[in-house]
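# Architecture and fold: a report
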Amino acid sequence: MTERALRLGTRRSKLAMAQSGHVADAVRQLTGRPVELVEITTYGDTSREHLAQIGGTGVFVAALRDALLDGEVDFAVHSLKDLPTAQHPDLVLAAIPKREDPRDVLITGEGLSLDRLPEGARVGTGSPRRMAQLNAYARSHGLDLTCVPIRGNVDTRVGYVRKGELDAVVLAAAGLNRIGGTEELLGGLSAEHLSVDSVLPAPGQGALAVECPASNSDLVATLAALDDPQTRAAVTAERSLLAALEAGCSAPVGALADILADGPGHGQVVTEMRLRGVVGTTDGSTLVQLSTTGPVPTSHDEAAALGRELAAEMLAKGAAGLMGERAL
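Small disclaimer: the values here were computed from a predicted structure and weren't measured. (Residues numbered from 1 in each chain as written. Predicted model: local features only at pLDDT ≥ 70, side-chain atom pairs only at ≥ 80, totals over all residues. Heavy atoms only, no water.)

Once that is clear, we can look at the nonpolar core. By size, the foremost hydrophobic cluster in this structure holds 21 residues, and its most contacted members are L241, L245, M273, L275, V279 and M314. Per element, the largest residue contribution to this core is six residues, and it comes from helix α10 (residues 229–248). Those residues in contact with L245 that sit more than four places away from it in its chain are V253, A311, M314, L315 and A319. (Core = buried A, V, L, I, M, F, W, Y, C linked by side-chain atoms within 4.5 Å. Buried < 20%, exposed > 50% of the residue type's maximum accessible area, 1.4 Å probe, protein only. Helix = DSSP H or I, 4+ residues; strand = E, 2+ residues; numbered from the N terminus. Contact = heavy atoms within 4.5 Å.)

Written out as structure tokens, the structure is:
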């Protein structure tokens, strides 16, 4: 008898469907079972308010988690940066597949870049984290730009530049890569990958989270085969830093953990992990940016400890004082 299809819960957006489709293909190959995508609308998809006003990234997760807990779907795929840092007690993060490019991308008119934007340029982004770092970069490099809050899918955001309503928009590289057809989407526009030395990504950016009920031990064990240990260690450190800073600071946070290796090319030996973090005010007037390096974590606890340690240093260096209107 043919086993029933596994039901994968996903948001309805083009990007979410593409991400979930990749995971569905991997699960089909892994198990030989059919996988059915179940489209679920979240509050974050229907609201036109800015994320900071409606509760942040968690608004994209609640409906998917409700579907998991109600048995409507067997597992769900999230963008990891959308997940609250506190794990739901009845759900388990069964797999974090290998991470895509974590960087941000600046979409501009043809031939332009961040440093060549016209005076008074309007740059669209829905992320306070990006606003804080872009404004800080502009201050330090003598650029005159204004960050404009926007919402919408990738096509909508790129359309703002194509129509001349904005001079540039900032998107996640991972989203563009997963959707595919970038040349067609951006035809006539320029794409500049922003260095993480200038703009650190959101904690977990570029990574996917595959979540299922903790009670389904067979499915938990099956999905674990999709997990990438190095990606899990890196994003665990980043999200631990975020959780610790959230407890003591309301300002936007960026973080990235790099796996460092000895020697170039093939045969290189992984030796250390570097964790970088930034927190600041959205006007870019104040940033606290620090990093730490340690042995590559071999457990969740070790990775989480690395994040907490860096967060403590950042709070001691002034992150705790980045409160009030400028940090909202």
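All right, on to the confidence of the model for the protein then. Considering every residue of the protein, the mean pLDDT works out to 89; 89% of them sit at 70 or more. Counted against residues more than four places away or in other chains, residues 50–56, with its pLDDT under 50, gives 13 contacts. A low-confidence stretch, residues 324–328 stays under pLDDT 50, and its non-local contacts, those more than four residues away or across chains, total 12 contacts. (pLDDT = per-residue confidence, 0-100.)

A sheet is described by the order of its strands in space; here five strands give the open sequence β2-β1-β3-β10-β4, paired in mixed fashion. Every other strand in the sheet has two partners, leaving β2 (35–39) and β4 (91–95) as the edge strands with one partner each. The sheet shows a mean angle of 35° between the axes of neighbouring strands, direction not considered. Summarising the sheet, strand β1 (residues 6–10) and strand β3 (residues 75–79) pair through two bridges and their orientation is parallel. The residue of β3 that forms the bridge with L8 is F75. Where helix α1 (residues 14–31) meets the sheet, its contacts fall on β1, β2, β3 and β10 (208–213), and the angle it forms with β2 comes to roughly 160°. (Pairing = 2+ DSSP bridges. Axes fitted to C-alpha atoms, helices over the stretch in contact; angles between N-to-C directions.)

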